Amino acid sequence: MTTTLITALLAGTFGLSGVLGGVLLTNHFTQRAYKQRITSEDERRWFVDRRKVYARYLALITSMLRSLDGTAVFLASEERPAVPTDDEAILKQDVFDFYRQWDDDLQPVLGEVQLLAEPNVAELADRTSWALMELNGFIDSRQPFEMVYEYGFKARHLLDALRNAMRAEIGLTKPVRTFPMPKDWPWLPEEESEVIETSQPPGMESSAADGTV
């Protein structure tokens, strides 16, 4: 076998190896990019699902807590020791409606939350659910309004804790407070109002001064 032929065979072999190596390398990076894209899409879908379920649960809890507030005003209190007959009928119906809603509406959504949430959120969601059940139980057993009001206040603190835990899970780490609000709410403190006034667009100052818009 001549030197020329050997050289040609070796060159062909190396060339084929290079082509195969390039194909394998390209395939590797293609598979890797595909897996990363699938993972990213899964994480995005997971985030969207979690956010929707959390928002639905918070809205339902808030609505049911508001309904309990409306029912509690018919209870006996220090100012009204006895419950009138008409109010007693309202209490019975509202208590029954709450038990039905808690079982048929709230618990299925709680199950979704616990399916998607980390342990801290799952526990707080369960606590919030049972806090509402406790409040309705107080109304059902005709506890005085003052007692229900006190525990309703605690339920709102629990709801705030749940909301902030949910926010943290979806990446909003800075907590918010929705209850109780400052006594001058919704008005801004004076120093913040001054910042807003001094940051008006050019021309607004003169318009405000002469009464024009």
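So, here's what we can say about the structure. By convention here, each chain's residues receive numbers from 1 onward along its written sequence. In keeping with the model being predicted, local features are shown solely for residues with a pLDDT of at least 70 and side-chain atom pairs are shown and tallied solely at 80 or more, while totals for entire chains, interfaces and linings include all residues. The side-chain values count all of the structure's non-hydrogen atoms but skip hydrogen atoms and water molecules.

Let's shift gears to the packing of aromatic side chains. Each aromatic ring pair is described using two quantities: the centre-to-centre distance and the angle formed by the ring planes. By convention, a stacked pair of Phe, Tyr or Trp rings (six-membered ring in the case of Trp) has centres within 6.5 Å and planes under 30 degrees apart, an edge-to-face pair has planes over 60 apart, and any other such pair is tilted. Applying the stated rule across the entire model yields three aromatic pairs. Ring plane angle 65° and centroid distance 4.9 Å describe the contact between W102 and W130, whose orientation is recorded as edge-to-face. You can see W102 sitting in helix α2 (residues 85-116) and its partner W130 sitting in helix α3 (residues 119-140), a full 28 residues away along the chain. Relative accessibility under 20% of the residue-type maximum defines a buried residue, over 50% an exposed one, and the middle range a partly exposed one, all with a 1.4 Å probe and only protein chains included. The exposure class of W102 is buried, given its relative accessible area of 7%. A helix here means a DSSP run of H or I that spans at least four residues, while a strand means a run of E at least two residues long, and both kinds are numbered starting from the N terminus.

Quick look at the packing of α3 against helix α4 (residues 145-169) now. Two elements in contact, α3 and α4, have axes whose closest approach is 9 Å; the angle formed by their N-to-C orientations is 165°. Judged by the angle between their axes, α3 and α4 are roughly antiparallel. Seen along the crossing, α3 lies across α4 with a hand that is left-handed. The segment α3 lies against α4, with N120, V121, L124, A125, R127, T128, A131, L135, F138 and I139 engaging M147, V148, Y151, G152, A155, L158, A161, L162, A165, M166 and E169. To get an axis, a line is fitted to the C-alpha atoms, and for a helix only the part in contact is used. The angle between two axes follows their N-to-C directions and goes from 0 to 180 degrees. By the definition adopted for this analysis, an angle is roughly parallel if under 35 degrees, roughly antiparallel if over 145, roughly perpendicular if from 65 to 115, and oblique otherwise. With the far helix as reference, a near helix turned anticlockwise by less than a right angle produces a left-handed crossing, and one turned clockwise produces a right-handed crossing. Here, residues are in contact when the closest pair of their heavy atoms is within 4.5 Å.

Mapping E169 onto the fold places it in helix α4. As used in this structure description, the phrase polar contact means that two N or O atoms lie within 3.5 Å; if the pair is within protein, one of them must be able to donate a hydrogen and the other to accept it, and residues adjacent in sequence are counted only when both atoms belong to side chains. At 3.3 Å, the side chain of E169 forms a polar contact with the side chain of R50.

Read these as spatial facts, not as claims about activity.
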